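Letter by letter, the chains look like this.
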Amino acid sequence: SVDKAWQVTTGRPDVVLAILDSGLDWSDAGAMNDLAAKVHLNAAELPLPEATSNGYDRNQDGVFDVRDYRADGTHAQDSRVSDLNANGIVDPEDLIRAFSDGSDADANGYVDDIAGWDFHEDDNDPFDDVHYGHGTGEAEDSGAEAANGGGVGTAPSSTFIPIKVADSFVSDINDFARGVV
């Protein structure tokens, strides 16, 4: 009854959902159009966007997300960022590639945890490298952005953090447990 829930709320950007699954298929441009700006970014691991005097929320929309590094009507695209994964859109994986420096700036035990974590392969990119797609689908079902020509998730005003715990729906219990923690 999502229609009834939406009468109360569509979520809030300060509410971060955790998607524990097979990771995100950053190469799926259609999915990234719905998801890229919904991925929770760890500001403690990222530099301020260029040409900002307002902290991380450069475009002043109330949310720190990948859009704060993209070009908009006021700002040029951050010169340090480009479409490094060649999917046609600047997305969080491009930030991972551009700004990973081998340090644990927030001292939480996860080096360069910019946009989620991969507990299955123990690295900072929760990329669905086998293109299983289940994690991407779960992210779309949960948090896909509304009013952009694509699908809409059940909590489209929330953000989410991709936590890769397996390559498929079968997960090692230890990887899954570490992802939960």
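One numbering rule holds for all chains: residues counted from 1, following each sequence as written. Predicted model: local features are reported for residues with pLDDT of at least 70 only, side-chain atom pairs are reported and counted for 80 or more only, and whole-chain, interface and lining totals are derived from all residues. Note: side-chain values were computed over all heavy atoms of the structure, leaving out hydrogens and water.

(A) View of the layout of surface pockets. Note on definitions: the grid is 1 Å and covers protein atoms alone; a cavity is a set of points where a 1.4 Å probe fits but cannot get out; a pocket is an open set with protein on both sides within 12 Å along at least five of seven lines; lining residues have an atom within 4 Å of a point. Grid points are joined across faces, edges and corners, and a volume is the space filled by probe spheres set on the points. Size it by volume and the largest pocket reaches roughly 230 Å³. Along the wall of the largest pocket there are 18 residues; nearest its centre are Tyr 110, Asp 113, Trp 117, Ile 161 and Ile 163. Looking at the lining of the largest pocket, the elements with two or more residues in it are strand S1 (16–21), strand S3 (159–164) and helix H5 (173–180). Segments assigned H or I by DSSP are reported as helices when at least four residues long, segments assigned E as strands when at least two residues long, and all are numbered from the N terminus. Broken down by element, the residue count for the lining of the largest pocket peaks at three residues, all from H5. Each residue is assigned to one class: nonpolar for Ala, Val, Leu, Ile, Met, Phe, Trp, Tyr, Cys and Pro, charged for Asp, Glu, Lys and Arg, and polar for all the others, Gly among them. Taken together, the residues of the lining of the largest pocket break down into 11 nonpolar, five polar and two charged.

(B) Structural view of unusual backbone geometry. The phi angle at Asp 122 is positive, at roughly 55°, despite the residue not being glycine. Exposed residues in this analysis have more than 50% of their type's maximum accessible area, buried residues have under 20%, and partly exposed residues fall in between, with area computed by a 1.4 Å probe over protein chains only. What makes Asp 122 partly exposed here is its relative accessible area of 48%.

(C) Geometry of the nonpolar core. Within this scheme, the nonpolar core is defined by two criteria: the residues are buried Ala, Val, Leu, Ile, Met, Phe, Trp, Tyr or Cys, and they are joined through side-chain atoms within 4.5 Å. The biggest cluster of nonpolar side chains holds 25 residues, and the ones touching the most others in it are Leu 35, Leu 46 and Leu 95. When residues of this core are traced back to their parent elements, those giving at least two are helix H2 (29–35) and helix H3 (92–99).

(D) Focus on the side chain of Arg 70. Checked against the element boundaries, Arg 70 lands in the loop between H2 and H3. There is no salt bridge for the buried Arg 70, and the closest opposite charge comes from Glu 145, which lies 6.8 Å off by N-O distance. What qualifies as a polar contact is a pair of N or O atoms within 3.5 Å, subject to a donor-acceptor requirement within protein and to the restriction that residues adjacent in sequence count only when both atoms come from side chains. At a separation of 2.7 Å, a polar atom in the side chain of Arg 70 contacts the main-chain carbonyl oxygen of Val 90. Excluding anything up to four places from it in sequence, Arg 70 contacts Ala 36, Arg 58, Ala 76, Gln 77, Ile 89 and Val 90. The positive count covers Lys and Arg only, the negative count covers Asp and Glu only, and His and the chain ends enter neither. By salt bridge we mean one thing: a side-chain nitrogen of Lys or Arg within 4 Å of a carboxyl oxygen of Asp or Glu. In this analysis, two residues are considered to be in contact whenever any of their non-hydrogen atoms come within 4.5 Å of each other.

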